[in-house]
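# Examining the three-dimensional arrangement
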Amino acid sequence: MKYLDEFSDPVLAKRLFDDIRAVTTRPWSIMEVCGGQTHSIIRHGIDQLLPEEIELIHGPGCPVCVTPLEIIDKALEIASRPDVIFCSFGDMLRVPGSGRDLFKVKSEGADVRVVYSPLDALKIAQENPDRQVVFFGIGFETTAPPNAMTVYQAKKLGIANFSLLVSHVKVPPAIDAIMNSPDCRVQAFLAAGHVCTVMGMGEYPELAERHRVPIVVTGFEPLDILEGIRRAVRQLEAGQHTVENAYPRAVQAEGSPAARAMLSDVFEVTDRAWRGIGMIPQSGWRLSPKYREYDAEYRFSVTGIQTEESTVCRSGEVLQGLIKPHECAAFGKECTPRNPLGATMVSSEGACAAYYLYRRLETPDKEASSVG
Amino acid sequence: MCLAVPGRVLEIEERDATRMAKVDFGGVVKDVCLEYVPDMKVGDYAIVHVGFALQRLDEESAKQTLELFENLGVLEEEFGDAWGKAARDAGAERPAGTGLPPLEGAEKEARS
Ligand code: SF4
């Protein structure tokens, strides 16, 4: 088996592959929700080592990729104001808005800063009382609690020149939306481990039951992913659809009660548009009325944004697992990491970037022989 | 950005009435907020995401995960030079004001 020696424990990896092979009798499609899992899968060639009946479909779990264009454009506009210090995680720098990105805005002289943590942005606000400091609050359930805590701290410490541009999204409503799509081919889910570290598993039994779909909470390491796939296939073959935890060292059933309490204090659930996918009801968070003064959208009334999405990019279909990145005509031609048309090519967790980086340039049936 | 990286707590202090720690991620040390895992002690490992400990982790799996993330380039991405990477990816000049702080360069020179 090619690649096998790259696993941290090749013997255990082989045993897991063998076990998956032994139980698989029919074709199955399994979606890994999280972009981090997608990268691990492609890098380690897990998709190519699996029995050919098993297809892994890459899901929408990259917060950088799904942040709506309108929010990116708002970020660019706020960042361009002379009184603003705009703080962001590094992976947002090159996500294309309508015609420009944060990197370009910085090159034109705006004060854009990369921070490791939202608390760093709060510190910058304390040190620059005469400037407005805005933090770009994107991310799934894993990132939302840190951002919530930062707003809570800002209020507690009376730091008035800090605000959050919020675009948080939630995973379970996205799973629901994918299952509701008439084109859906997904038969089981590997749920994103670190999301469940915060939220626990409470939201999944109802989804698994209603859509009759197995959901296995899975980590990011190759062996974790294999174990997740093994459990998903076993359920599929047995006609079951329950929620299983294949990442118990990081996920407890109730998640993190302290983080969840902070989330429900600072945020409220709202409908959210996902880039490339569209509106998903109740799939995001915004600041609750108690913290509205820290909402950058209120503070800087950014209105009249005219978004302009690439007409070529098919990242919406990529994010829903409807096509693989190399099935997009622009892949590797007009669209490369140097000149990305969509966020899925920019983000290190994006499926297009994973395929480009690990040279999955061919059609699926030719892949196995051409990738070395 | 979505992955949480394991690290080891080196020291703990109260700052602005908040429980904060210095955490070591395989050589890179960062400030981390412990409010979501309040019973962490010095020497414990935790999964840390954007400066917040989210869950305690046993030492062995922490070390394994760190090694994997190092290989996947996740550590570079979390803690590395984001402007430099963006400039390389864009095939463009690094924007003004995004150079590494001079102190670090000086330190490096002094060491070599
Ligand atoms: S290859 Fe580029 S253009 Fe095609 S879907 Fe991916 S990001 Fe969009």
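Analysis parameters
Residues numbered from 1 in each chain as written. Chains lettered and ligands numbered in written order. Predicted model: local features only at pLDDT ≥ 70, side-chain atom pairs only at ≥ 80, totals over all residues. Heavy atoms only, no water. Helix = DSSP H or I, 4+ residues; strand = E, 2+ residues; numbered from the N terminus. Rg over C-alpha atoms; globule rule 2.2 N^0.38 Å. Contact = heavy atoms within 4.5 Å. Areas by Shrake-Rupley, 256 points an atom, 1.4 Å probe, with all protein chains shown as cover. Pairing = 2+ DSSP bridges. Axes fitted to C-alpha atoms, helices over the stretch in contact; angles between N-to-C directions. Parallel < 35°, antiparallel > 145°, perpendicular 65-115°, else oblique. Left-handed = near helix turned anticlockwise from the far one by under 90°. Nonpolar A, V, L, I, M, F, W, Y, C, P; charged D, E, K, R; others polar. Buried area = accessible area lost by both parts, 1.4 Å probe. Polar contact = N/O pair within 3.5 Å; in protein donor to acceptor, adjacent residues only side chain to side chain. Buried < 20%, exposed > 50% of the residue type's maximum accessible area, 1.4 Å probe, protein only. Right-handed = clockwise from strand over helix to strand, strands pointing away. Expected span 1.5 Å × (residues − 1). Arc of directions from axis to C-beta. pLDDT = per-residue confidence, 0-100. Salt bridge = Lys/Arg side-chain N within 4 Å of Asp/Glu carboxyl O.

### Considering the overall build of chain A
Along the backbone of chain A there are 18 helices and 11 strands. Against the globule reference of 21 Å for 372 residues, chain A gives a C-alpha radius of gyration of 21 Å, in line with a compact fold. Its C-alpha atoms put chain A at 65 × 45 × 40 Å along the principal axes. In chain A, of all internal contacts separated by at least 6 residues, the share reaching a separation of at least 24 is 77%. Of the roughly 13,900 Å² of accessible surface on chain A, a fraction of 49% belongs to carbon and sulfur atoms.

### Describing the sheet that holds strand β6 (residues 162–169) of chain A
Residue and element names in this part refer to chain A. Spatially, the six strands line up as an open sheet ordered β4-β3-β5-β6-β11-β10, and their pairing is mixed. One side of each edge strand has no neighbouring strand; the edge strands of this open sheet are β4 (111–114) and β10 (267–274). Across this sheet, the average inter-strand angle for adjacent strands is 25 degrees, counted without regard to direction. Sheet analysis places strand β3 (residues 84–88) next to strand β5 (residues 132–139), joined by four bridges and oriented parallel. Each residue of the ladder has a partner; that of Val84, found in β5, is Gln132. Of the strands in this sheet, β10 and β11 (278–287) touch helix α13 (residues 257–266), which is tilted by about 80 degrees from β10.

### Some remarks on the packing of helix α7 (residues 118–127) of chain A against helix α8 (residues 144–157) of chain A
Residue and element names in this part refer to chain A. One way to put it is that α7 packs onto α8 with a least axis distance of 9 Å and a crossing angle of 25 degrees. With respect to their mutual orientation, α7 and α8 come out roughly parallel. In this structure, α7 crosses over α8, and the sense of that crossing is right-handed. Where α7 approaches α8, its residues Pro118, Leu119, Leu122 and Gln126 are matched on the opposing element by Pro146, Asn147, Thr150, Gln153, Ala154 and Leu157. Among the residues forming the contact of α7 with α8, the class breakdown is six nonpolar, four polar and no charged.

### Quick look at the interface of chain A and chain B
Reports of interface size often rely on the accessible area that becomes lost once the parts have come together. The interface of chain A with chain B comprises 51 residues on the first partner and 48 residues on the second. Where chain A abuts chain B, roughly 3,900 Å² becomes buried across the two surfaces, and 66% of that area is made up of carbon and sulfur atoms. Counting every contact that joins chain A to chain B gives seven residue pairs in polar contact (both at pLDDT 80 or more). Among the elements of the structure, α2 (35–43), α6 (102–107), β4, α7, β5, α8, α10 (193–199) and α13 of chain A are those that each provide at least two residues to the side of chain A that touches chain B. Across the side of chain A that touches chain B, the residue classes tally to 24 nonpolar, 18 polar and nine charged.

### A closer look at the pairing of strand β1 (residues 5–15) of chain B
All names here are of chain B. Relative to strand β4 (residues 45–49), β1 is paired through four bridges, and the arrangement is antiparallel. When the sheet's bridge partners are listed, Val5 is paired in β4 with Val48. Bridge count between β1 and strand β2 (residues 18–25): seven bridges; the pairing is antiparallel. When the bridges of β2 are listed, Glu11 appears paired with Lys22. The turn joining β1 and β2, which pair antiparallel and follow one another in sequence, is formed by two residues; a positive phi near 50 degrees is taken by Asp16.

### With respect to the pairing of strand β8 (residues 215–218) of chain A
All names here are of chain A. Alternating positions in β8 separate into two faces, Ile215 and Val217 on one and Val216 and Thr218 on the other, with burial throughout. Note: strand β7 (residues 188–192) against β8, four bridges, orientation parallel. By the bridge assignment, Ala192 is partnered in β8 with Thr218. Considered for its hand, the β-α-β crossover made up of β8, helix α12 (residues 222–238) and strand β9 (residues 243–245) is left-handed.

### Overview of the environment of His39 of chain A
Residues and elements named next belong to chain A. Structurally, His39 can be placed in helix α2. The contacts of His39, once residues within four sequence positions are left out, are Ser348, Glu349, Gly350, Ala353, Ala354, Leu357 and Tyr358. Engagement of the side chain of His39 in a polar contact is seen with the backbone oxygen of Gly350, the distance being 3.3 Å.

### What to know about α7 of chain A
Residues lying three or four places apart along an α-helix face the same way, a consequence of the helix completing one turn every 3.6 residues. Listed as buried for α7 of chain A are Pro118, Leu119, Ala121, Leu122, Ile124 and Ala125 of chain A. Looking at where α7 of chain A begins, the residue whose side-chain oxygen comes 3.1 Å from the main-chain nitrogen of Leu119 of chain A is Ser117 of chain A.

### Considerations on helix α1 (residues 10–23) of chain A
Residues and elements named next belong to chain A. Between its first and last C-alpha atoms α1 spans 20 Å; for 14 residues at 1.5 Å apiece the expected length is 20 Å, and the two agree. Restricting attention to buried positions, one finds in α1 the residues Ala13, Leu16, Phe17 and Ile20. Down the axis of α1, the sector holding all buried residues measures 95 degrees, keeping them to one side. In α1, those exposed residues whose orientation departs by more than 90 degrees from the buried face are Val11, Arg15 and Ala22.

### A few points about the confidence of the model for chain B
Residue and element names in this part refer to chain B. Scored by pLDDT, chain B has a mean of 84; 87% of the residues are at 70 or more. Below a pLDDT of 50 lies the segment residues 104–112, which in the model reaches zero contacts outside its immediate sequence neighbourhood of four places, other chains included. Interface confidence for the predicted complex, given as ipTM, is 0.88, next to a pTM of 0.90.

### Description of the pattern of salt bridges
One pass over the structure, following the stated rule, counts 32 salt bridges over all chains. Between Glu293 of chain A and Lys155 of chain A there is a salt bridge, with the nearest N and O atoms lying 3.5 Å from each other. Of the two residues, Glu293 of chain A sits in the loop between β11 and α14 (296–299) while Lys155 of chain A sits in helix α8, which places them 138 residues apart along the sequence. According to the relative accessible area criterion, Lys155 of chain A is partly exposed, its value standing at 33%. Notably, a salt bridge pairs Asp31 of chain B with Lys22 of chain B, separated by 2.8 Å at the nearest N-O pair.

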